[in-house]
Structure formats: structure tokens, C-alpha cells
Amino acid sequence: MKFFIDNEFNAFGGELISMAIVSGSHELYLINSDFDLYGPDVHPWVALNVVPLVHLDQQKRIIKNAPKIEFKKHLSRFFFDKVKSEEITIVADWYTDVELLMNVLVGDNGSTVTLNKSRQINIIVDRNLDQARDPLPGSREHNALWDARNLQEDYYRRNPIAP
């Protein structure tokens, strides 16, 4: 089972702003409520290109505004409900997306999220994936949820028989 991930963060090495995971029609979009989107520490590029899009998606049922410490709980619930196989694959187009996901899954105290039946986690970082090349209608680049949706679309466009 494949999960496509994208994150937005406050410039390289900066605080996580939002995280999205998409697998088929299953979606999770987390917004870090600890991060002050309009605070003085927001990088100018992020203020211009990311902040206006954080709350873009109108499907409120999948958006969760939560402190970053609660991301682990939401991810655990999402993976537990969705993972039905022994093996999962995380697909991203940037290494930092995987790093931020792993930081949330492990957390500060070192306890990891149980991913239901999954015993093997594969990671694909494919820099050739392009969420902006042929985007889905209505999507906006630099919104983590739309970027994850477009990554999934581009992945299956390139790999039409991939499970």
C-alpha cells in the first residue's frame, strides 16, 4: 500500500507548518497550530508562497488543526484505519518530507507509531515526480494536501500498473 506525503515548512530546517498524506481516496491533512503563520519568524518566501494556501482546501472533514505533539496521534489513527497490508511504501519527492514524517512518527520520547499490520516500511524519494507538471484541477502548488494529491497522480501516471 502506497502513501504519498508532502509537507510545508518554514524554509529549509524550519518548523513544520503542515503535513498531508494521501493513499487513493484516503487523505489526512494536519496543520501545526503551534506555528504562528503570521509571526515575525516566518520566512519571507514562506509568507508569500505557503501561508496564503495553508487553509485552501474546503474539505474540512480531513483538515485537522492540532499542536505538533498531537500529529503522532492523528497519524497513528490514520495508518491504523487505512493500512491493511504487511508492507507499506511512503512516496515523497523531497528528502525533508520523509525526515519530517519520521520525526513525527518517532516523536521526542522515542516511542513509535504502530502502523497496524505493517511490518515493513519502504521509502521512495523520487525527485523526478512533479506535482506541478500536470496538476489536478483546482490544485495549488505549496499546499501540502494538493501537492500530495498531485504526487500520487504523477506517480500512477508514470507507473500505471503499480499497486
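All of these numbers come straight from a predicted model, not from anything done at the bench. (Residues numbered from 1 in each chain as written. Predicted model: local features only at pLDDT ≥ 70, side-chain atom pairs only at ≥ 80, totals over all residues. Heavy atoms only, no water.)

### Overview of the pattern of salt bridges
Going by this rule: Note on definitions: salt bridges are taken to be side-chain nitrogens of Lys or Arg within 4 Å of carboxyl oxygens of Asp or Glu. Only runs of H or I of at least four residues qualify as helices and only runs of E of at least two qualify as strands under DSSP, and these elements are numbered from the N terminus. Think of it in three bands: with a 1.4 Å probe and only protein chains considered, a residue is buried below 20% of the maximum accessible area for its type, exposed above 50%, and partly exposed in between.
According to the stated counting rule, one finds four salt bridges in the structure shown. Residue Asp 154 pairs with Arg 157 through a salt bridge whose shortest N-O separation is 3.5 Å. You can see Asp 154 and its partner Arg 157 sitting in helix α4 (residues 144-158), three residues apart, about one turn around the helix. Given the relative accessible area of 0%, Asp 154 is considered buried. Exposure remark for Arg 157: the relative accessible area of 34% places this residue in the partly exposed category. One salt bridge connects Arg 158 with Asp 154, and the closest N-O pair in it is separated by 2.9 Å. Of this pair, Arg 158 and Asp 154 both sit in helix α4, four residues apart, which is roughly one turn of the helix. Connected through salt bridges with shared partners, the residues Asp 154, Arg 157 and Arg 158 form a single ionic network.

### Notes on helix α3 (residues 95-106)
Counting along an α-helix, one turn takes 3.6 residues, and residues three or four places apart therefore face a common direction. Inclusion rule: To estimate how far a helix should reach, multiply one less than its number of residues by 1.5 Å. By definition, residues are in contact when any of their heavy atoms lie within 4.5 Å.
Between its terminal C-alpha atoms α3 stretches 17 Å, which fits the 16 Å expected from twelve residues at 1.5 Å a residue. Those residues of α3 that fall on the buried side of the exposure criterion are Thr 96, Asp 97, Val 98, Leu 100, Leu 101, Val 104 and Leu 105. The inward-facing, buried residues of α3 abut β1 (2-9), β2 (16-23), α2 (68-82), β5 (87-92) and β6 (120-125).

### Description of the environment of Lys 64
With respect to the helices and strands, the residue Lys 64 is situated in strand β4 (residues 63-66). Setting aside its immediate chain neighbours within four residues, Lys 64 contacts Leu 28, Tyr 29, Leu 30, Ile 31 and His 74.

### Overview of the nonpolar core
The nonpolar side chains of a soluble globular protein tend to be buried, and buried together. Basically, it comes down to this: For our purposes a nonpolar core is just a set of buried Ala, Val, Leu, Ile, Met, Phe, Trp, Tyr and Cys residues, chained together by side-chain atoms within 4.5 Å.
Membership of the largest hydrophobic core comes to 21 residues, with the highest contact counts inside it found for Met 19, Ile 21, Leu 75, Phe 79 and Leu 101. Contributions of two or more residues to this core are made by β1, β2, β3 (26-32), α2, β5 and α3. Per-element tally for this core: the top contributor is α3, with five residues. Of all hydrophobic cores here, the second largest spans 15 residues; its members include Val 22, Phe 35, Val 46 and Val 50.

This is a description of form; function is not addressed.
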